[in-house]
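One letter stands for each residue in the lines below.
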Amino acid sequence: MCTLARLLAVASTAAALSTLRSTGPKKVAILGGSGYVGREVAKRFVTRGWEVASLSRRGENPDAGDAELSCVAWTSGDATDAAAVRSFVGDADAVVHCVGLLFDVDSGLANLSPVVSGSNSQPGETSTYDRITRLTAFNAVDAAADRLRLPFAPRTPFAFVSCAEAGWPDVQWGDVVEARAAPEWLRRYLAAKRLVEAKLGEKSDKIRPVIFRPSLIWSWDKLDVLPIIPVFNLASALGVPFVDRTIRVGALADAIVEGVCAGDTEGVQRFAAMDELSDAYARNSA
């Protein structure tokens, strides 16, 4: 009886604290909030009334004239530093990982990064896929999963921006394309993404992983990818199994925010699921 009474008391306290916490705005910690995807995610969380914090190398508002971005708490820091990430994540109600790069320092194509990144990002001397994608995400996952939490507390939503090609092993001919046609840098890129996806699965008892697998991400001002968009979309429409339809950066950000806010969203989200989440975001924001 004593044990039961104590358990009931703990549950009652947890519920009370949860209710108290819910009366104020929720907090989201975004790694890479100043980047191409991250800034769009940050704006939408602000619109939803969340407290938004961003950790990035630059640690500054990428658009000082934007009203929503001016509400974000911008922090400069190294996401490869586990202690810095743990301090940043703190007691956030949700975590979003938008850190990444298409061409790392070992790809031989790093000079193209400022063009393709969408945020004029330049890789540093140690900017490999393993450090920038895997290590930063591992730090954030551990920070979110291993912190102290109240009994019966819900799992912390964790959104991770992966890529469509990370799912190649699961679709027809995908493994063949990767093995025979993918350059070495792309295989390393995909390996880092898959390691993060696996890590999220391992920690799913403490966090609610929402893994987004977009194909090419575009906007009308991102001229480097616009000529390729119709090719991808046509191939997807024709049923080529290893090519997913592209997604506009705003729609991806809508989907991420809705995926975090919708408590039943979990696991891998491909383009059709992202469309549904983006539509739900629009309905819920109307």
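Residues numbered from 1 in each chain as written. Predicted model: local features only at pLDDT ≥ 70, side-chain atom pairs only at ≥ 80, totals over all residues. Heavy atoms only, no water.

If you check an unreviewed UniProt entry, the protein chain appears there as Ryanodine receptor from Aureococcus anophagefferens.

Take the packing of aromatic side chains next. Under the counting rule described, the total for this entry stands at 4 aromatic pairs. Measuring from ring centre to ring centre gives 4.9 Å for Phe45 and Trp50, while their planes differ by 55 degrees; the resulting arrangement is tilted. For Phe45, a relative accessible area of 0% translates into the label buried. Taking the relative accessible area as the measure of exposure, Trp50 reaches 14% and is therefore buried. Aromatic side chains Trp218 and Trp220 sit 5.0 Å apart centroid to centroid with 80 degrees between the ring planes, which places their arrangement in the edge-to-face category. For Trp220, a relative accessible area of 66% puts it in the exposed group. The ring centre of Phe138 lies 4.9 Å from the NZ or CZ of Lys199, which sits over that ring. (Phe/Tyr/Trp six-rings, centres within 6.5 Å; stacked < 30°, edge-to-face > 60°. Buried < 20%, exposed > 50% of the residue type's maximum accessible area, 1.4 Å probe, protein only. Lys NZ or Arg CZ within 6 Å of the ring centre and 35° of its normal.)

Before going further, it helps to examine the nonpolar core. Counting residues in each nonpolar core, the largest one holds 39 residues, and the members touching the most others are Leu31, Val85, Phe158 and Leu200. Looking at this core, the elements with two or more residues in it are strand S1 (27–31), strand S2 (51–56), helix H3 (82–89), helix H5 (129–146), strand S5 (156–161), helix H7 (184–202) and strand S6 (207–212). Among the elements that take part in this core, H5 stands out by supplying 9 residues, more than any other. Core analysis: the second largest hydrophobic core is formed by 33 residues, Val52, Cys98, Val210 and Met274 among them. (Core = buried A, V, L, I, M, F, W, Y, C linked by side-chain atoms within 4.5 Å. Helix = DSSP H or I, 4+ residues; strand = E, 2+ residues; numbered from the N terminus.)

Below, the discussion takes up the pairing of S6. The element S6 is largely enclosed, with a buried count of 6 among its 6 residues. In S6, alternate side chains face the same way, and those of Ile207, Pro209 and Ile211 on one face and Arg208, Val210 and Phe212 on the other are all buried. Bridge count between S6 and strand S9 (residues 267–269): 3 bridges; the pairing is parallel. Of the residues in S9, the one forming a bridge with Val210 is Gly267. (Pairing = 2+ DSSP bridges.)

Here the focus is helix H9 (residues 249–261). With 13 residues, H9 should cover 18 Å at 1.5 Å per step; its first-to-last C-alpha distance of 18 Å lies within 8% of that length. Taken across its 13 residues, H9 has 12 buried, putting it largely inside the fold. For H9, every residue scored as buried is listed here: Val249, Gly250, Ala251, Leu252, Ala253, Asp254, Ala255, Ile256, Val257, Glu258, Gly259 and Val260. (Expected span 1.5 Å × (residues − 1).)

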